[in-house]
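Secondary and tertiary structure notes
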Amino acid sequence: MIHAAVGPEPIDPAQVLSRVGSAEDGAAVLFVGVVRDHADGRSVSGMRYDTYHEMAEDVLREIAHEAAARLGTDRLAVVHRTGELDIGEVSVAIAVSSPHRAESFDASRYVIEEIKKRLPVWKQEHYADGRVEWVPGTVPPGTGAPMDPSARERPVAGRGSHTAGGGQVA
Amino acid sequence: MIHAAVGPEPIDPAQVLSRVGSAEDGAAVLFVGVVRDHADGRSVSGMRYDTYHEMAEDVLREIAHEAAARLGTDRLAVVHRTGELDIGEVSVAIAVSSPHRAESFDASRYVIEEIKKRLPVWKQEHYADGRVEWVPGTVPPGTGAPMDPSARERPVAGRGSHTAGGGQVA
Amino acid sequence: MPISVNALFFAAYRDLVGHSGLAVELREGATVGDLVSELRERGAPFDRLPAEPAVAVNRTYAFLDEPLSADDEVAFIPPVAGG
Amino acid sequence: MPISVNALFFAAYRDLVGHSGLAVELREGATVGDLVSELRERGAPFDRLPAEPAVAVNRTYAFLDEPLSADDEVAFIPPVAGG
């Protein structure tokens, strides 16, 4: 069963992993994202995750279904946390399982890459020196200035990879 | 700390995962290999893992160190089980962590691919119809018939991908 | 007949404009781009919004030429940074 | 001076020859390939071993032209299937 959730509850990776697996599956992959103590050479003391909650669960569910199609099974669970997190706390956990390993690695990677491209979540780093900054992000594909009609039929992922647009506020 | 072990004790993936991670790491990947209930369309009831134990731990440690060099950290743990396993039991667990996710995915994949290429372990499938067969395997690189001297300096991985050589016994 | 839409501001954009959301009146047939122009023409703090922001209309990403209807929810989406 | 080495057989090879290991006498300077020939020339069941098996000498993979020394451990390694 595909599971996708966004919320403030602490994430237990083992519990997310326990949502996948079946007698048919020979491989499972668990990805865990954790708040780390540094970014671009600066010491970080914590992180706040804001989200457009109503939309985020829709987008995460959509990503999960796309990944499940690549995975070839419906054994996929993804949970993204919101709110204030300390160093070492889990921000995201993704578990998948499949008969063979290649599909599990591929689907797991797909979910985290797509989360970073288009999940409406923002994080604010709290630095050891007391300053606070929004982490530079990615413009999601399929939004902003209209592209020429031929390009528009298939939004180009590359378009979404710059970090402009007011991502940082001191 | 790099951890590599081969043995008959049941594997707890969460415990293997708990061996990695640090305040510097933003990503962890756990790979779990599980005995599945079918192979090539045949129903499987269990699996026996035999090993050349003295050599297997050396090779696994060597693989772990190679993977850690790619990972860029020493947060890597890999455990391979031996003996009789039931369907759903864990045969191998690999946990890694690193500041960024790409290295964790890469190192995790490297460990399982190298295990399959060169860890001296053999598995015997027990089928639902009572028959037993050694699973066809891979000839490790760097052994067997000598190659021409230029090739010999760097064993070619492709050489090890066939399944001949007495891998199956009815 | 003018229409009223709900503009939402998240994260850095909420900090920029000092609002998490507000209702905006637009002429019938207006697009997302018209909403952006209408807001930026109000001057500070709205002129700090980019001229071509990423947006979602009713929780789906949309281009700036998307036409709006009464009561649409138009979210201004700063570059995202999940994970 | 002949030397004695320890041949080990695992998994399918153990099943083939019916032994997990045995001591074999070889002439000084013999290679792994000479050990394989010596065994296969004994006839059944050793002639069921492949002519060019994978081997490990003292727990390290080796080619068939590797020279052997007294008391070396030479493992016959069927295609491996871990994971």
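For the structure itself, consult the block above.
A short tour of the structure in this document, coming up. Note that the coordinates shown come from a computational prediction; the quantities given were computed from them, not determined experimentally.

For the pair chain B and chain A, the superposition axis carries a translation of 0.0 Å, the fit reaches an RMSD of 0.0 Å, and the rotation angle comes to 180 degrees. Between the two chains, the operation in question is that of a two-fold axis. The position closest to the rotation axis in chain B is occupied by the C-alpha of Leu30(B), lying 2.5 Å away. When the interface residues of chain B are mapped onto chain A, 100% of them again fall at the interface, so both copies present the same face.

Judged by pairing direction, the sheet is mixed, and its eight strands sit side by side in the order β1(A)-β5(A)-β7(A)-β2(A)-β2(B)-β7(B)-β5(B)-β1(B) without closing on themselves. If you trace the sheet from one side to the other, it starts and ends with β1 (3–7) of chain A together with β1 (3–7) of chain B, each paired once. The mean angle between the axes of side-by-side strands here comes to 5 degrees, regardless of whether they run parallel or antiparallel. By the bridge criterion, five bridges tie β1(A) to strand β5 (residues 76–81) of chain A in an arrangement that is parallel. Each bridged residue has a counterpart across the sheet, and for Gly7(A) the counterpart in β5(A) is Arg81(A). Contacting β1, β5 and β7 (90–98) of chain A, helix α2 (residues 53–71) of chain A runs over the sheet at an angle of about 155 degrees to β1(A). Sitting on the sheet, helix α2 (residues 53–71) of chain B touches β1, β5 (76–81) and β7 (90–98) of chain B, and the angle it makes with β1(B) is about 155 degrees.

Thresholds, definitions, all that
Residues numbered from 1 in each chain as written. Chains lettered and ligands numbered in written order. Predicted model: local features only at pLDDT ≥ 70, side-chain atom pairs only at ≥ 80, totals over all residues. Heavy atoms only, no water. Least-squares fit on C-alpha atoms with pLDDT ≥ 70 in both. Contact = heavy atoms within 4.5 Å. Pairing = 2+ DSSP bridges. Helix = DSSP H or I, 4+ residues; strand = E, 2+ residues; numbered from the N terminus. Axes fitted to C-alpha atoms, helices over the stretch in contact; angles between N-to-C directions.

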